[in-house]
Amino acid sequence: MNEQQRSILLESSDHFSPPPGVKLSYGTSGFRADWLVLQSTVFRVGILAALRSLKTQSVIGLMITASHNIVSDNGIKIADPTGGMLSQDWEPFADALASAPDSQHLAQLIDDFVKKENIPLEGAESAEILLGRDTRPSGKSLLEAAKQGIISIVGAIAVDMGVLTTPQMHWMVRARNKAMNATELDYFNQLSSSFRCLIDLIPQGTAANKMNGIVVVDGANGVGGEKLEALKRILNGFDIEIRNSGKEGVLNDGVGADFVQKEKVAPRGFGPADAGIRCASLDGDADRLVYFSVLSNSNNEIDLVDGDKILSLFALFIKEQLSTLNKNEGDKDNKCYQPTLGVVQTAYANGASTDYLKQSGLEVMFTPTGVKYLHEKAAEYDIGIYFEANGHGTILFSEGFLHWLDGRNSELALTSKGSEQQKAAMRLLAVSKLINQAVGDALSGLLLVEAILQHMGWSIHKWNELYHDLPSKQLKVKVVDRSVIVTEKAETVVVRPLGIQEAINVETAKYPRGRCFVRPSGTEDVVRVYAEATIEEAADNLASSVARLVDQFLGFGSS
Ligand SMILES: CC(=O)N[C@H]1[C@@H](OP(=O)(O)O)O[C@H](CO)[C@@H](O)[C@@H]1O
Ligand SMILES: [Mg+2]
């Protein structure tokens, strides 16, 4: 930094002093905390985004959101040039920036990093950062702080895109960097045209055209409800009702995908009168999607159709299209390209889903929690499908495969237009456009689920019957310092503190098909406990006894 750049940075940074005693780290999904302590962090992430844009010579995104957290929390995360999460090798710098005690230290850190990474500060005019926020009341002022951070790097440009879903932001960044049209309208148009394409390709005369009826969607009282209303207007004729769209009601309060998936009950605004209807729920920033149907005899009990089942549905459909595409193709003329197809899950995936996927002949891989890990793994395949049980996931297509598929489709259009093979090629191409390849997206995911259910002629009940979930239970435990827990093997084994894993093993061994693991949350100040067993009571008991263990080892009475 030259003198002028340094003094502009210092001057600006003095307005954003970090609150004493607050230590944040760039977790599973960026920084998250009570919004009142976030101003300085957000300002500094603005600086980081400008540097990232200069380093990569690409457009970068900044999203102000705390997703499924309570409304008084907020957060910030970065969308990298590909539309994915911030490259993991920059995370330590994000942490260091956030915890710099004052402006002088901050400037020094930046200087050192700029030198180490060879970042061309002189060309700062080429830095462009898109900014978006969800509907939280604190979003506006935090967005302003991020903007100040960006422009404290002389020449960097901040573009306020207003209220967006997280996936829209990632999609726009990806599209901008591929020199494609990247407005919100472009996003809606791409979703609606590829959805229509899939619907038009549904085989005539199947049960498909008769089934289905309305889908009712819980918008978590957040940005997703609002955007889905807009999409509905463009889709015109799509039978969808949106509840909890944020006009009244509190964000994520008894509503939303996280609530529905973790509590396994219907969200506010849904009840026994909805029994049998196909329902879906988005989370607070619309990057998660789960389906459910309310049971008729119940206290708002539901049949949950979670991310694992969405993954299974997508995988079945893709596999079917691939085998149709390659049908009757001898190797003789080498038209048959066998793309690699893989699915990626985390330890939270229900054991029954993993068994089902493997039995269906799919390759299943595991990574630690957090989309950044799943995404990276899925990108190793020609077609990689990843989902967290909570409904966050997407499908990735390799450039090489899409290029081949495009060519194959054109060839088939000449030689056998309208054949089953050509239709399969068109369906796969449509899926690659409908699904948000930057990041999991509840809106595009919803349209893909709807199209596939119609294609198969399946009700939500039929879909849910693909396999039966093992009963599972999740609990959260407040501890003194969750960072003392260190895990291995995709988070299934605790290696520190010593002794706790052995104690967990002893509990787990008491239950048939028992499975249990604990890990520190990256988005909340808790340790999460997951337990699974063959009957509900056993899963509940296992979770409770391991939660007690965590409390004994790490809780407030432990020291
Ligand atoms: C058990 C669970 O659902 N964990 C979620 C949650 O992370 P935690 O690190 O568990 O707090 O939020 C992440 C971001 O949305 C999501 O990727 C992850 O799957
Ligand atoms: Mg989310």
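Residues numbered from 1 in each chain as written. Chains lettered and ligands numbered in written order. Predicted model: local features only at pLDDT ≥ 70, side-chain atom pairs only at ≥ 80, totals over all residues. Heavy atoms only, no water.

Participant: Explanation requested: the overall build of the protein in the structure shown.
Facilitator: In terms of regular secondary structure, the protein is built from 18 helices and 19 strands. Projected onto its principal axes, the C-alpha positions of the protein cover 70 × 60 × 50 Å. The buried share of the protein, reckoned over its 559 residues, is 59%. The long-range fraction of contacts in the protein, counting pairs at least 24 apart against all pairs at least 6 apart in sequence, stands at 71%. Carbon together with sulfur atoms contributes 51% to the accessible area of the protein, which is approximately 22000 Å² in total. Charge-centre separation for the protein: the mean point of 54 positive side chains lies 3 Å from the mean point of 69 negative side chains. (Helix = DSSP H or I, 4+ residues; strand = E, 2+ residues; numbered from the N terminus. Buried < 20%, exposed > 50% of the residue type's maximum accessible area, 1.4 Å probe, protein only. Contact = heavy atoms within 4.5 Å. Areas by Shrake-Rupley, 256 points an atom, 1.4 Å probe, with all protein chains shown as cover. Lys, Arg positive; Asp, Glu negative; His and termini not counted. Charge placed at Lys NZ, Arg CZ, Asp CG, Glu CD.)

Participant: For this particular structure, what's the right way to read the environment of Ser 67?
Facilitator: For Ser 67, the location among the structural elements is in the loop between strand 2 (59-64) and strand 3 (73-79). The contact partners of Ser 67, leaving out residues within four places of it in the chain, are Arg 32, Asp 134, Arg 136, Asn 252, Asp 283, Gly 284, Asp 285 and Asp 287. A polar side-chain atom of Ser 67 sits 2.8 Å from a polar atom in the side chain of Asp 283. (Polar contact = N/O pair within 3.5 Å; in protein donor to acceptor, adjacent residues only side chain to side chain.)

Participant: Just checking my understanding: could you explain the packing of aromatic side chains for this structure?
Facilitator: Pairs of aromatic rings are described using the distance from one ring centre to the other and the angle between the two planes. Taken as a whole and assessed by the stated rule, the structure comprises 17 aromatic pairs. Ring centres of Trp 90 and Phe 93 lie 6.1 Å apart, and the angle between their planes is 90°; on these two criteria the pair is classed as edge-to-face. Here Trp 90 matches Phe 93 in class, with each residue buried. Look at Tyr 348 and Phe 517: their rings are 4.9 Å apart centre to centre, the planes differ by 65°, and that puts the pair in the edge-to-face class. Pair noted here: Tyr 348 is in the loop between strand 11 (341-345) and helix 11 (351-359) and Phe 517 is in strand 18 (residues 515-520), with a separation of 169 residues, a long-range link. Classification of Phe 517 as buried rests on a relative accessible area of 2%. Grouping aromatic residues by their ring pairs yields a cluster made of Trp 90, Phe 93 and Phe 113. (Phe/Tyr/Trp six-rings, centres within 6.5 Å; stacked < 30°, edge-to-face > 60°.)

Participant: Where do I start with the pairing of strand 9 (residues 289-294) in this structure?
Facilitator: Two faces make up the sheet, and in a regular strand the side chains alternate between them. Burial runs high along strand 9: six of the six residues are buried. Going residue by residue along strand 9, you find Leu 289, Tyr 291 and Ser 293 tucked away on one face and Val 290, Phe 292 and Val 294 tucked away on the opposite face as well. Pairing of strand 8 (residues 278-282) with strand 9 involves four bridges; the strand directions are antiparallel. Across the sheet, the residue bridging to Leu 282 is Leu 289, located in strand 9. The turn linking strand 8 back onto strand 9 is made up of six residues, and Ala 286 within it adopts a positive phi angle of 65°. Here strand 9 runs beside strand 10 (residues 302-305); their pairing, made up of four bridges, is antiparallel. Counted as the bridge partner of Ser 293 is Asp 303 from strand 10. (Pairing = 2+ DSSP bridges.)

Participant: I keep staring at the sheet that holds strand 13 (residues 383-387) and nothing clicks. Help me out?
Facilitator: As a general point, the strands of a sheet are linked pairwise by backbone hydrogen bonds and lie either parallel or antiparallel. Ordered by their spatial adjacency, four strands build an open sheet running 12-11-13-14, and the pairing between neighbours is mixed. The open sheet has two edge strands, strand 12 (363-366) and strand 14 (393-397), and neither has a second partner. Going from strand to strand, the sheet's axes swing by 20° on average, the running direction of each strand aside. Bridging between strand 13 and strand 14 involves five bridges; their strand directions are antiparallel. Of the residues in strand 14, the one forming a bridge with Gly 384 is Leu 396. (Axes fitted to C-alpha atoms, helices over the stretch in contact; angles between N-to-C directions.)

Participant: What am I meant to see in empty space enclosed by the protein here?
Facilitator: Overall, the coordinates contain five cavities of 30 Å³ or more when judged by the stated rule. Its boundaries defined by the atoms lining it, the largest cavity holds a volume of some 350 Å³. If you go around the largest cavity, you meet 27 residues; those closest to its centre are His 68, Arg 288, Thr 369, Glu 388 and Asn 390. (1 Å grid on protein atoms, 1.4 Å probe; cavity = no way out; pocket = protein on both sides within 12 Å on 5 of 7 lines; lining within 4 Å. Points joined across faces, edges and corners; volume = space filled by probe spheres on them.)

Participant: Sorry if this is basic, but what is going on with helix 13 (residues 399-415) here?
Facilitator: Along an α-helix, a turn takes 3.6 residues, which lines up residues three or four apart on a common side. Between its terminal C-alpha atoms helix 13 stretches 24 Å, which fits the 24 Å expected from 17 residues at 1.5 Å a residue. Among the residues of helix 13, those classed as buried are Phe 401, Leu 402, Trp 404, Leu 405, Arg 408, Asn 409 and Leu 412. Along the long axis of helix 13, the arc covered by the buried residues comes to 160°, so they all point the same way. Facing away from the buried side of helix 13, by more than 90 degrees, are the exposed residues Glu 399, His 403 and Leu 414. Turning to helix 13, the residues buried within the fold contact helix 10 (307-325), strand 13, strand 14 and helix 14 (420-434). (Expected span 1.5 Å × (residues − 1). Arc of directions from axis to C-beta.)

Participant: I keep staring at the confidence of the model for the protein and nothing clicks. Help me out?
Facilitator: Fine structural detail should not be taken from predicted coordinates in areas where pLDDT scores are low. Mean pLDDT over the protein: 94, with 97% of residues reaching 70 or higher. On the interface metric, ipTM, the complex scores 0.98, and its pTM is 0.94. (pLDDT = per-residue confidence, 0-100.)

Participant: Help me out: how do you make sense of unusual backbone geometry in this one?
Facilitator: The general pattern is negative phi for most residues beyond glycine and trans for most peptide bonds. The amide bond that connects Arg 496 to the next residue, Pro 497, takes the cis arrangement and shows omega of -5°. Structurally, Pro 497 can be placed in the loop between strand 17 (493-496) and helix 17 (500-508). In this model, Ala 179 sits at a positive phi of 55°, which is unusual for a non-glycine residue. Along the chain, the position of Ala 179 falls in the loop between helix 6 (166-177) and helix 7 (184-200). Among the residues examined, Ala 179 registers a relative accessible area of 74% and is labelled exposed. Of note, Asn 236 is a non-glycine position whose phi angle comes to about 40°, a positive value. Relative to the helices and strands, Asn 236 resides in the loop between helix 8 (223-235) and strand 7 (240-243).

Participant: Looking at this structure, I do not really get the coordination of the magnesium ion (ligand 2). What am I missing?
Facilitator: Each donor-metal-donor angle in an ideal tetrahedron of four donors is 109.5 degrees, and each such angle in an ideal octahedron of six donors is either 90 or 180 degrees. Those donors, Ser 67 (OG), Asp 283 (OD), Asp 285 (OD) and Asp 287 (OD), are the protein atoms that reach the magnesium ion (ligand 2), and they lie 2.0 to 2.2 Å from it. Along the chain, the residues that donate to the magnesium ion (ligand 2) are spaced as S-x215-D-x1-D-x1-D. Of this pair, Ser 67 sits in the loop between strand 2 and strand 3 while Asp 285 is found in the loop between strand 8 and strand 9, placing the two residues 218 residues apart along the sequence. (Donors = N, O, S within 2.8 Å, 3.2 Å for Na, K, Ca; no water.)

Participant: When you look at the sheet that holds strand 7 in this model, what are you seeing that I'm missing?
Facilitator: With mixed pairing, five strands are arranged side by side in an open sheet as 7-6-8-9-10. Both edges of this open sheet fall to strand 7 and strand 10, since each of them pairs with a single strand only. Here the strands of the sheet are splayed against their neighbours by 25° on average, with no regard to which way each runs. Direction of pairing for strand 6 (residues 215-218) relative to strand 7: parallel, over a ladder of four bridges. When the bridges of strand 7 are listed, Val 215 appears paired with Ile 240. Against the sheet, helix 8 touches strand 6, strand 7 and strand 8, its axis set at about 155° to strand 7.

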